[in-house]
Amino acid sequence: LPSFFLPQVLANKNITITAGPTREAIDPVRYISNHSSGKMGYALAQAAQWLGAKVNLISGPTSLETPGGITKISISDAEQMLQAAQEYTQNCDIFISCAAVADYKMKQVAPQKMKKTSDELTLELERNPDILASIASLAQKPFCVGFAAETQNLAHYAKDKMQRKNLDMIIANDVSNQAIGFNSNDNAVTVFWPKGSVEIEQTDKQNLAIHLLQLIAAQYEEK
Ligand code: CTP
Ligand code: CA
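None of the values given here were measured: they were computed from a predicted structure.

Enquirer: I would appreciate a short explanation of the sheet that holds strand β4 (residues 54-59) in the present structure.
Expert: Adjacent strands of a sheet pair through backbone hydrogen bonds, lying either parallel or antiparallel. Strand order in this open sheet of 8 strands is β5-β4-β1-β6-β9-β10-β11-β12, and the pairing throughout is mixed. Taken across any chain shown, the strands that pair with only one partner, and hence form the sheet edges, are β5 (71-74) and β12 (196-204). Along the sheet, successive strands turn relative to each other by an average axial angle of 15 degrees, direction set aside. In this sheet, β5 lies alongside β4 in parallel orientation, the contact comprising 4 bridges. By the bridge assignment for β5, Asn56 is matched with Thr71.

Next comes the structure, spelled out in structure tokens:
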């Protein structure tokens, strides 16, 4: 996709995007994670760059290549992603939280490899920090865009998340549909902002990313 055909609606904008899964250590050799491929976040980073933005991509472990002209910050767990997000949103116009952040981490990471000494094992977990909510609560907050991965009551849960986290926009994803979402190349979403919404039908993630960023640019300008 030749970027010079795209109107440079994000020229001179600093955009920070989180992408991929996080990995929460259990012990030195094991972790808790999820099936996020990072494809949507990387597609957004590429699209933002094509539309003229300066892009910082904070990424959990993925097998994807970093698009050219983008600054990638590699992290592993949610605490590291939070630190990077705080650093890279200081001079930032738009923050897009696309990462599938693990909701919980080990209360205490085992310092040595755990041995299978019993028939049952219970891990004690505690909540991870909410990265998006913490950035969106800053006094000098960037335009904040979140994702909502839901298997039911999509619109209701998505709008609720937008309100609770003080977001400017939320992109709702039906993850019960196997053909789209997490590991797929395609996605279909409904986008909500405080005064409106739009459905984007199934398309490949790169095409979707361009549409989403054009929407984000328009709402950013209106705000
Ligand atoms: N998010 C985040 N930090 C977390 C959890 C989520 O920044 N610790 C962000 C995600 O990147 C996404 C949005 O918050 O943009 C919503 O994530 P989601 O998992 O759908 O919602 P949660 O708030 O975690 O609630 P739940 O999983 O219970 O639905
Ligand atoms: Ca979650």
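Enquirer: Hey, could you run me through the site of ligand 1 in this one?
Expert: In the region of ligand 1, 14 residues are neighbours, and Ser97, Val101, Ile131, Leu132 and Gly146 sit closest. Mapped onto the shell around ligand 1, the elements with two or more residues apiece are α3 (131-136) and β9 (143-150). Here the shell around ligand 1 gets 4 residues from one element, more than from any other, and that element is β9. Taken together, the residues of the shell around ligand 1 break down into 8 nonpolar, 3 polar and 3 charged.

Thresholds applied
- Residues numbered from 1 in each chain as written.
- Chains lettered and ligands numbered in written order.
- Predicted model: local features only at pLDDT ≥ 70, side-chain atom pairs only at ≥ 80, totals over all residues.
- Pairing = 2+ DSSP bridges.
- Helix = DSSP H or I, 4+ residues; strand = E, 2+ residues; numbered from the N terminus.
- Axes fitted to C-alpha atoms, helices over the stretch in contact; angles between N-to-C directions.
- Near = placed C-beta within 6 Å.
- Nonpolar A, V, L, I, M, F, W, Y, C, P; charged D, E, K, R; others polar.

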